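Notes for the structure review
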Amino acid sequence: MGLMDYTAVELGKKIKAGEVSVLEAANAAMDAIDALEDKFNCYVTVQERAAVQAKAEELQKKIDDGTLTGPLAGVPVAVKDNMCTKGTRTTCSSKILENFEPAYTAEAVLNLEKAGALIIGKTNMDEFAMGSTTETSHYGVTKNPWNAEHVPGGSSGGSAAAVAAGECSYALGSDTGGSIRQPSSFCGVTGIKPTYGTVSRYGLIAYGSSLDQIGPIAKDVTDCATILETIASHDVKDSTSVEREYDFTSALTDDVKGMKIGIPRDYFGDGLSADVKEQILNAVKILEEKGAVVEEFDLSLVKYAIPAYYIIADAEASSNLARFDGVKYGYRTEEYEGLHNMYKKTRSEGFGAEVKRRIMLGSFVLSSGYYDAYYLKALRTKALIKQAFDKAFAKYDMIVAPAAPTTAPELGKS
């Protein structure tokens, strides 16, 4: 069993006990990247081995002298390439940010660094997190480690694939409308989108500001709970950050007796593959055998979730991406005549097709003639959907639903 086969918590315990050094863990991750990266393309940027080794030695000293005592100290981690990292380029997998090096680090990443995590690289993603396959990346497609002919999902496909391939022990992703949960499903790993406001968005390059949230991708639930405790914090730099208790690992028990579990009929109709449905119902059966109370129910308005999501997310994206204009940072077209022409050519050359489509759709629904008809209506629909979920969670402790309606499709066919 190789070091990258252990869960992050297991590896952290071995490092803490002195059974494994941080340098050995670092070299194991770098060796896996050297062996597999050409095949799977999980990363946009990989740190130089010498720099990783030097950081490993530094962390080892802090672990040995008792400065670092957390469960993730010395464990190799990868970070999705839409989180700012000071001194390391952050591209959002876009040409328009191909040489951008932030002057600061995202709060969630800082929290990992404070806990002694060993950051080894920045993972590939759909450009500006817009996509569900990681095929819209300017830096090439990422492939599913279980079958390289298939997509890993997206937009956090690089993070999910890196964990599945053993090119890191765990990773950070971001989720706007499924971008942690769906690739985790496709790659056979565990991912969590935390409740909005639990993890600071400071330093996360925004797609849809009211929806984006950073979360963990790892090998199991214990890892995810441990990582979430590490990255979650109240942050005065993020006005949407909430003050709450951050104890998730205490919920890791095998006791589900009496727990009420709801299964929305709306999620199990046409379009859900038989394989996915079977696996979910098998999981529900296990919970039922352990004493959980399971029943089906109707979750109203869910059919409007996807159109409402696309209107809101694209409207916010059209506003957020206006800052990428070739003036302050990132790519700038080489030949232009005047400021307006420079804006136009820079954005035309720097953004990919999917990003352009979403910017145009977002600009359309925010325009004066259509704002009320589309954007405001979508916001009202979102509020009604939230009310439906609030009503469901008043009755059930948990809702079971598919992360995606199918298993991973083949590359180029999604």
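Just above sits the structure.
Figured I'd write up the structure that's included with this text. (Residues numbered from 1 in each chain as written. Predicted model: local features only at pLDDT ≥ 70, side-chain atom pairs only at ≥ 80, totals over all residues. Heavy atoms only, no water.)

Summing up its helical and strand segments, the protein chain has 12 helices and nine strands in all. Over its C-alpha trace the protein chain gives a radius of gyration of 22 Å, about what one expects of a compact globule, namely 22 Å for 414 residues. Judged by the C-alpha coordinates and their principal axes, the protein chain covers about 65 × 60 × 45 Å. Counting over 414 residues, the protein chain shows a buried share of 49%. (Helix = DSSP H or I, 4+ residues; strand = E, 2+ residues; numbered from the N terminus. Rg over C-alpha atoms; globule rule 2.2 N^0.38 Å. Buried < 20%, exposed > 50% of the residue type's maximum accessible area, 1.4 Å probe, protein only.)

A complete count under the given rule lists zero disulfides for this structure. Counting only cysteine sulfurs, C168 is the nearest neighbor of C42, a cysteine outside any disulfide, at a range of 7.9 Å. Judged by its relative accessible area of 0%, C42 is buried. (Disulfide = S-S within 2.5 Å.)

Following both chains from N to C, one finds helix α9 (residues 305-320) and helix α12 (residues 371-395) inclined at 125°, their axes separated by 9 Å at the closest point. Taken as axis vectors, α9 and α12 run oblique relative to one another. Once α9 is placed against α12, the crossing between them reads as left-handed. When α9 is examined against α12, the residues A305, A308, I311, I312, A315 and E316 are found in contact with a partner set consisting of Y374, Y375, A378, L379, T381, K382 and I385. Each residue belonging to the contact of α9 with α12 can be placed in one class, and the counts come to 10 nonpolar, one polar and two charged. (Axes fitted to C-alpha atoms, helices over the stretch in contact; angles between N-to-C directions. Parallel < 35°, antiparallel > 145°, perpendicular 65-115°, else oblique. Left-handed = near helix turned anticlockwise from the far one by under 90°. Contact = heavy atoms within 4.5 Å. Nonpolar A, V, L, I, M, F, W, Y, C, P; charged D, E, K, R; others polar.)

As summarised here, the arrangement of the three strands in space is β8-β7-β9, forming an open sheet in which the pairing is parallel. Strands at the two margins of the open sheet, each flanked by one partner only, are β8 (293-297) and β9 (398-399). Relative to β9, strand β7 (residues 260-264) runs parallel, the two sharing two bridges. Its bridge partner being in β9, G262 is matched across the sheet by I399. (Pairing = 2+ DSSP bridges.)

Next up on the list: the pattern of salt bridges. Side-chain pairs of opposite charge can arise where the charged atoms are in close proximity. For the structure shown, the criterion picks out 20 salt bridges. Note that R265 is salt-bridged to D298, the shortest N-O span being 3.2 Å. One end of the pair, R265, is in the loop between β7 and α8 (274-289); the other, D298, is in the loop between β8 and α9, with 33 residues separating them in the sequence. For R265, a relative accessible area of 42% translates into the label partly exposed. Ionic pairing is found between D325 and K328, a salt bridge with its closest N-O pair at 3.7 Å. For D325, a relative accessible area of 11% puts it in the buried group. Judged by relative accessible area, K328 falls into the exposed class, the value being 55%. (Salt bridge = Lys/Arg side-chain N within 4 Å of Asp/Glu carboxyl O.)

A word on the sheet that holds strand β5 (residues 190-191). The strand order across the open sheet built from six strands is β1-β3-β2-β4-β6-β5, with neighbouring strands paired in mixed fashion. Bordering the open sheet on either side are β1 (43-46) and β5, each of which pairs with just one other strand. Pairing between strand β2 (residues 76-80) and strand β4 (residues 170-175): three bridges, direction parallel. Note on β4: the bridge partner recorded for A78 is A171. This element, helix α2 (residues 22-40), spans β1, β2 and β3 (118-123) of the sheet and lies at about 20° to β3.

Residues L11, I120, Y170 and I231 are the most contacted members of the largest nonpolar core, which totals 61 residues. Residue contributions to this core peak at eight residues, all from α2. Apart from the residues lying within four places of it in its own chain, the contact partners of Y170 are A8, L72, V75, P76, V77, A78, L112, A117, V163, I217, A218 and I227. C84, M130, V355 and A378 belong to the second largest nonpolar core, which has 28 residues in total. (Core = buried A, V, L, I, M, F, W, Y, C linked by side-chain atoms within 4.5 Å.)

The general pattern is negative phi for most residues beyond glycine and trans for most peptide bonds. With an omega dihedral of 5°, the bond running from G154 to S155 counts as a cis peptide bond. Mapped onto the secondary structure, S155 falls in the loop between β3 and α5 (157-165). In the Ramachandran plot, F128 falls in the positive-phi region, its phi being about 50° despite a non-glycine side chain. With respect to the secondary-structure elements, F128 resides in the loop between β3 and α5. We classify F128 as buried; its relative accessible area is 3%. Although it is not a glycine, L301 sits at a positive phi angle of roughly 70°. In this structure, L301 sits in the loop between β8 and α9.

On to the pairing of β3, then. Counting buried residues in β3 gives six out of six residues, a clear majority hidden from the surface. The pairing of β1 with β3 spans three bridges and is classified as antiparallel. Bridge pairing in β3 links V46 to G121. With five bridges connecting them, β2 and β3 associate as parallel partners.

Here the focus is the packing of aromatic side chains. Enumeration over the complete set of coordinates arrives at 11 aromatic pairs. On the basis of an interplanar angle of 40° and a centroid distance of 5.3 Å, the ring pair of F100 and Y329 is categorised as tilted. Of this pair, F100 sits in the loop between β2 and α4 (107-114) while Y329 sits in the loop between α9 and α10 (338-350), and the two are 229 residues apart along the sequence. Taking the relative accessible area as the measure of exposure, F100 reaches 16% and is therefore buried. Taking the centre distance of 5.8 Å and the plane angle of 70° together, the rings of F128 and F351 count as edge-to-face. One end of the pair, F128, is in the loop between β3 and α5; the other, F351, is in the loop between α10 and α11 (353-366), with 223 residues separating them in the sequence. According to the relative accessible area criterion, F351 is buried, its value standing at 5%. Taking NZ or CZ as reference, R89 lies 5.4 Å from the ring centre of Y139, over its face. The aromatic ring of Y202 is capped on one face by K237, whose charged end is 5.0 Å from the ring centroid. (Phe/Tyr/Trp six-rings, centres within 6.5 Å; stacked < 30°, edge-to-face > 60°. Lys NZ or Arg CZ within 6 Å of the ring centre and 35° of its normal.)

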